[in-house]
Amino acid sequence: MAARPATPASPKNVKVKEPAPGSPLFGCEHVQRLFNQGQEIMNHSIGHYKMILRGIFDSTPVVPQTFTNSQGQPTTCLTSTNLCLQCPTNLTDEERLKHGNKTSHRFYIDSRSGSLYCQVCDDIVWDPTLEELRVRKIGTGSFSGRKRKHDELFPDAMKEDPRYIATNTTLASCRANGLRGIYNAGATCYQNVVLQSFLHNPLLRNFYLSDGHQSSECGVSYCLSCAIDDMFQDFYALENTNGYTAANILSGFWISENKAFENLVTTREQDAHEFFQFLAEELHERNGDGKKPESGSEHTCNCVMHQTFYGKMQTDTTCQNCSGTTHAVQSFLDLSLGLESLVQKRKKAVKEKGGNAPPLTLIDCLDEEYIKSDKCDYRCHKCDSIQQARRLTSIKRLPNVLSIQFKRFEYKQGRHDRAASKIDDPVSFPLQLNMLPYTHRVRAKEGREGRELERSCTYDLLSVVVHVGEIETGHYVSYCRVGDQWFRFNDHNVRLATVSEVLGAKAYLLFYIIRSLA
Amino acid sequence: MDATSGKAGIIRASDDDGTMTKLSAAVLDDLLYNIISDLVLQTHREEKIAKANTAAIRVEKLASEASESGTDLAPDVRIETDAAIFDDGKVYLKGNPLKTTKEILCPKCHLPRLFHPTDGKGARKPDPTILYCKKHPYIDKPNCDIYGQMWQGPGPGRGKKKKDMEKKEESAADRPANVLSFPSATCSKCKRCILVTRLNNHMGSCIGNSGRNASRAAAQKMGNGNSGEPTPPSSQKVTPAPGSRATSPRKRDVSEEGEDESESSHKKKKHKSSSVTSNPNPKKVILKTKNSFKKESNGSTLPKSSSNLSQEQKAEYDIPDLGSVEVPPKKSTNKASSPAKKLKAVKAAQLPATLKNGRDADGESESSGGTLSSPPQ
Ligand SMILES: [Zn+2]
Ligand SMILES: [Zn+2]
Ligand SMILES: [Zn+2]
Ligand SMILES: [Zn+2]
Ligand SMILES: [Zn+2]
Ligand SMILES: [Zn+2]
Ligand SMILES: [Zn+2]
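A brief structural summary. No experiment lies behind these values; they were computed from the predicted model shown.

Describing the coordination of the zinc ion (ligand 3)
All names here are of chain A.
Part 1: The protein atoms that coordinate the zinc ion (ligand 3) are H213 (NE2), C218 (SG), C223 (SG) and C226 (SG), at distances spanning 2.0 to 2.3 Å.
Part 2: For the zinc ion (ligand 3), the four donor atoms in the first shell make angles of 102 to 117 degrees at the metal, a pattern classed as tetrahedral.
Part 3: Taken in chain order, the donor set of the zinc ion (ligand 3) reads H-x4-C-x4-C-x2-C. Residue H213 is located in the loop between α9 (202-209) and α10 (224-237), and its partner C226 is located in helix α10; the two are separated by 13 residues in the primary sequence.
Part 4: We classify C226 as buried; its relative accessible area is 1%.

Thoughts on the coordination of the zinc ion (ligand 7)
Residue and element names in this part refer to chain B.
Part 1: Within the first shell, the zinc ion (ligand 7) binds the protein through C187 (SG), C190 (SG), H202 (NE2) and C206 (SG), at distances of 2.0 to 2.4 Å.
Part 2: The motif formed by the donor residues of the zinc ion (ligand 7), counted along the single chain, is C-x2-C-x11-H-x3-C. Of this pair, C190 sits in the loop between β6 (184-186) and β7 (193-195) while H202 sits in helix α4 (residues 199-210), and the two are 12 residues apart along the sequence.
Part 3: On the accessibility criterion, H202 (2% relative accessible area) is buried.

A few points about the sheet that holds strand β2 (residues 84-87) of chain B
By way of backbone hydrogen bonds, the strands of a sheet pair with one another, either parallel or antiparallel.
All names here are of chain B.
Part 1: Strand order in the open sheet formed by three strands is β1-β2-β3, with antiparallel pairing between adjacent strands. Edge strands, defined here as strands with exactly one partner in the open sheet, are β1 (78-80) and β3 (90-93). On average, adjacent strands in this sheet sit at an angle of 15 degrees to one another, irrespective of strand direction.
Part 2: The pairing of β2 with β3 spans four bridges and is classified as antiparallel.

Topic: a nonpolar patch on the surface
Part 1: Together, L78(A), M20(B), L23(B), V27(B), L28(B) and L31(B) make up a nonpolar patch on the protein surface, roughly 510 Å² of accessible area in all.
Part 2: As for its position among the elements, M20(B) is in helix α1 (residues 19-69).
Part 3: The exposure class of M20(B) is exposed, given its relative accessible area of 62%.

Details of the packing of aromatic side chains
All names here are of chain A.
Part 1: Per the stated rule, a full pass over the model turns up 23 aromatic pairs over all chains.
Part 2: Look at F235 and Y244: their rings are 5.2 Å apart centre to centre, the planes differ by 65 degrees, and that puts the pair in the edge-to-face class. Like F235, the residue Y244 is buried in the burial classification.
Part 3: Their ring planes at 75 degrees and their centres at 5.6 Å tell us that F261 and F278 sit as a pair that is edge-to-face. Note that F261 is positioned in the loop between α11 (247-255) and α12 (272-287) and F278 in helix α12, a separation of 17 residues in sequence.

Description of α12(A)
Residues and elements named next belong to chain A.
Part 1: With 16 residues, α12 extends 22 Å from end C-alpha to end C-alpha; this agrees with the ideal 22 Å at 1.5 Å per step.
Part 2: Counting buried residues in α12 gives 12 out of 16 residues, a clear majority hidden from the surface.
Part 3: Listing the buried residues of α12 in full gives A272, H273, F275, F276, F278, L279, A280, E282, L283, H284, R286 and N287.
Part 4: Sitting at the amino-terminal end of α12 is D271, which places a side-chain oxygen 2.9 Å from the backbone nitrogen of H273.

Some thoughts on the side chain of Q149(B)
Part 1: Tracing the sequence through the fold places Q149(B) in the loop between α2 (97-100) and β4 (150-151).
Part 2: Here D145(B) takes part through its side chain, which lies 2.8 Å from a polar atom of the side chain of Q149(B).
Part 3: When sequence neighbours within four positions are dropped, the list of residues in contact with Q149(B) reads T241(A), N242(A), N143(B), C144(B), N178(B) and L180(B).

Thoughts on the pattern of salt bridges
Part 1: Here the structure, examined in full by the defined rule, presents 26 salt bridges over all chains.
Part 2: Between K98(A) and E95(A) there is a salt bridge, with the nearest N and O atoms lying 3.4 Å from each other. Taken together, the residues span about one helical turn, with K98(A) and E95(A) both in helix α3 (residues 93-103) at a distance of three residues.
Part 3: Its relative accessible area of 27% is what places E95(A) among the partly exposed residues.
Part 4: A salt bridge links R391(A) to D374(A), with the nearest nitrogen and oxygen atoms 3.1 Å apart. Separated by 17 residues along the polypeptide, R391(A) in strand β13 (residues 385-398) and D374(A) in strand β12 (residues 374-380) bring together distant segments of the chain.
Part 5: Of the residues examined, D374(A) reaches a relative accessible area of 35% and is grouped as partly exposed.
Part 6: Here the salt bridges share partners, and the residues they tie into one network are R78(B), E80(B), D87(B) and K94(B).

Description of the packing of α9(A) against α10(A)
Residues and elements named next belong to chain A.
Part 1: At their nearest, the axes of α9 and α10 sit 9 Å apart, and the two run at 95 degrees to each other. By the criterion of interaxial angle, the relationship of α9 to α10 is roughly perpendicular. Between α9 and α10, the contacting residues are L204, R205, Y208 and L209 on the first element and S225, I228, D229, F232, Q233 and Y236 on the second.
Part 2: Looking at side-chain class alone, the contact of α9 with α10 contains six nonpolar, two polar and two charged residues.

Considering the side chain of T4(B)
Residues and elements named next belong to chain B.
Part 1: With respect to the secondary-structure elements, T4 resides in the segment before α1.
Part 2: Owing to a relative accessible area of 12%, T4 belongs among the buried residues under this scheme.
Part 3: Not counting the four nearest positions on each side in its chain, T4 is found in contact with I11, R12, A13, S14, D15, K22 and A25.

Comments concerning helix α2 (residues 39-58) of chain A
Part 1: With 20 residues, α2(A) should reach 28 Å at 1.5 Å per residue; the first-to-last C-alpha distance of 27 Å fits that figure.
Part 2: Of the positions making up α2(A), those classed as buried are M42(A), S45(A), I46(A), H48(A), Y49(A), K50(A), I52(A), L53(A), I56(A), F57(A) and D58(A).

A word on unusual backbone geometry
Residue and element names in this part refer to chain A.
Part 1: In this structure, S104 takes a positive phi of about 60 degrees despite not being glycine.
Part 2: Relative to the helices and strands, S104 is located in the loop between α3 and β5 (107-110).
Part 3: Even without a glycine there, the phi angle at S323 is positive, about 65 degrees.
Part 4: Among the secondary structure elements, S323 is positioned in the loop between β8 (311-319) and β9 (325-332).
Part 5: With relative accessibility at 54%, the residue S323 sits in the exposed group.

Describing the pairing of strand β14 (residues 401-407) of chain A
Residue and element names in this part refer to chain A.
Part 1: The element β14 is extensively covered by neighbouring structure, given that six of its seven residues are classed as buried.
Part 2: With four bridges connecting them, strand β10 (residues 335-338) and β14 associate as parallel partners. Directly across from L335, in β14, lies its bridge partner I404.
Part 3: Pairing of β14 with strand β23 (residues 507-514) involves five bridges; the strand directions are antiparallel. Across the sheet, the residue bridging to I404 is L510, located in β23.

Overview of the sheet that holds strand β7 (residues 123-125) of chain A
Part 1: One open sheet holds the five strands; their spatial order is β4-β3-β5-β6-β7 (chain A), and the pairing between them is antiparallel. Two strands bound the open sheet, and with one partner strand each, they are β4 (90-91) and β7 of chain A.

Cut-offs used in this document
Residues numbered from 1 in each chain as written. Chains lettered and ligands numbered in written order. Predicted model: local features only at pLDDT ≥ 70, side-chain atom pairs only at ≥ 80, totals over all residues. Heavy atoms only, no water. Donors = N, O, S within 2.8 Å, 3.2 Å for Na, K, Ca; no water. Tetrahedral: all angles 85-135°; square planar, octahedral: opposite > 155°, others 65-115°. Helix = DSSP H or I, 4+ residues; strand = E, 2+ residues; numbered from the N terminus. Buried < 20%, exposed > 50% of the residue type's maximum accessible area, 1.4 Å probe, protein only. Pairing = 2+ DSSP bridges. Axes fitted to C-alpha atoms, helices over the stretch in contact; angles between N-to-C directions. Patch = residues over 30% accessible without salt bridge, like charges linked within 9 Å, V, L, I, M, F, W, Y side chains within 5 Å. Areas by Shrake-Rupley, 256 points an atom, 1.4 Å probe, with all protein chains shown as cover. Salt bridge = Lys/Arg side-chain N within 4 Å of Asp/Glu carboxyl O. Phe/Tyr/Trp six-rings, centres within 6.5 Å; stacked < 30°, edge-to-face > 60°. Expected span 1.5 Å × (residues − 1). Polar contact = N/O pair within 3.5 Å; in protein donor to acceptor, adjacent residues only side chain to side chain. Contact = heavy atoms within 4.5 Å. Parallel < 35°, antiparallel > 145°, perpendicular 65-115°, else oblique. Nonpolar A, V, L, I, M, F, W, Y, C, P; charged D, E, K, R; others polar.

Next up, the structure:
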């Protein structure tokens, strides 16, 4: 990275956020008065605000939570304290008014959230300029974010008058919000759940709604990417609340020549996970570099599927004889987590020790796969023979959207037939997932660096695909999050869902989105 | 330590409890206080920003009215309301918007937002004299979806089709507006109109048969025709709208499809390739200009070099913040008026700039991560 002067050190004058139509310039009259006292005061206030935000979000919470009490002793508390915007003082709620009256300092920052309190309003104030800094700090860990990089790359784009966009958007109804069901075309709920998770994936949505794949310029007949593009149009541009008929996707599916998924193309209910893989490959083929989607460690395809879902994992194999290690890197579309052995282990433990085992968690499954190493036979080049080796797989590059499959369907090759069975045990999963422990190099970094690392590995739950019922006769439903609201999609029927309903579901597929995007 | 509780004062130890008990009560109570204050803060933020923006929208509207009616001295207009001041093209707040502003105007259409759902849990009757923004609070009502819609059974089974059809026509006329029926869709191959619930089976025979894999389709057909019906569209079992259970079209022979198509009263002009034909919503507007183009490309077998395609996509996709995508002049002109694209452009702009090519687990660049396996210089 090129060394660039950090923003706070540069002598550049800070400015108030450009006024956008339909929003006020300042959070309240008092912030306005403060900022209008002159450039120097504004520079100081905003500079100090940034410093306080750094203190809150980059280091341990002990620092902003510690204040000096009336006896002059440092005290740390769990609830919020008030950091003065105009001087380096941290106060309790009771002391705040006294300090304000003595110094005429009227603005205080909540030590837990970083939000601004105005003493004159006696209320939290959401000032556009300061709030933008706070949101960026929480989201990306820096004040400029990637937006700055973007500014440099596309200077014209940013100067576009927001009024222009605003007046042209009113054509699309306020009702067109992407929330519609999809009709079941006859055992196609396994497709519907995957399509819904695509529809509410911000990266895919942005790609398709910004002409990422233009059907008018695509000559491929029955192109699945065009069909997906049409679907996004219908969901986000039409006022229609009726269900959607995914006819073009279905015909694209039937016409697809993808040999690897030949068995998928039937009129029967199929595996939603396989359909996800199928769509990912098809869309990569339509938008990507023409190589096999999971080929090679050096493969970096720029297509929307690779940018969204694909990550890389590394397997280190260490020979037990000579301690020589080899690395193999592979792309992945999703993490496939086995349940059977963990479930068996738990059952055994309960049998032996009695009592109740706590429910299996996603973390248990990830630990098993990406922290524990296993033994294998391995042909060592140095020893020039077959040796026992330790194998450890970890994630080398995390994707923007992490998809996880629990292996709930086990196919056992019986004497007569392939018998399929379903593992229906609940596996709990969190709303927020920290993937740092499963990454390639876990160095417990302290302080700011460690926090930033952790932030870059933090994911938020985006959608959940659930299979209910028996393996042959069951049904798929899904949950997707739009903003903070969860919805349950059952073919054409969409209804509100509570967080506890979502977290209580017996998930089959999980989609997590990286925090700095959400 | 003598406090028996924390800041919330909800979880309380008694005075004669031990120090540890008091301490845990205080800690727990503080944590509870934090959870509650986080929730309150979030709601406060949404509400206050919406109301501040409402105050701004209102005063801007007055200002633009004033400048339109008078001479066009727009920059000099100064308008003041109870909640905001418009001066020199900028809006300043007056007082606390939570106190000065009662309603919330939609930032997009500038119509007031409805605060309560029109049906189900927490429903209230909206004022019929007010034109509200079309984004309503979602409805939470058993057997209804978020828009208060229900679905009528997906239609008759095979035997008594004629009779059922008549019945259906009849009920369609007098059923309430929020009860929808299953639509039909056009098969993109044979262009016949098929009830949506049968579309998959139809395509299985229509495309599967004539297409690349006749044998598989045939096998499928055999399996389907079996009396044991091993392939029911099982998923429908759980989905039907109330009352539809009896007529749930669970078994459909693939061969049967031909019958449906001719009788289709749903048949409409199929100028739209995305094929939702029997849409009961009369307001539906086809916004896309590209449909006409799509149709041509659909039929043609014009081969396009795939490398060419990927180049194009790459170029588009490298733009990380989608707010910008409208600007590049390389756009073909026929796309210029798709409102959805514009709609998205705005929404996307609110997202932080997004796409980076994945992220390295260790926070370093891909190349530096790779040095691990190459020998150090
Ligand atoms: Zn102070
Ligand atoms: Zn104030
Ligand atoms: Zn295409
Ligand atoms: Zn690709
Ligand atoms: Zn060896
Ligand atoms: Zn609106
Ligand atoms: Zn057909």
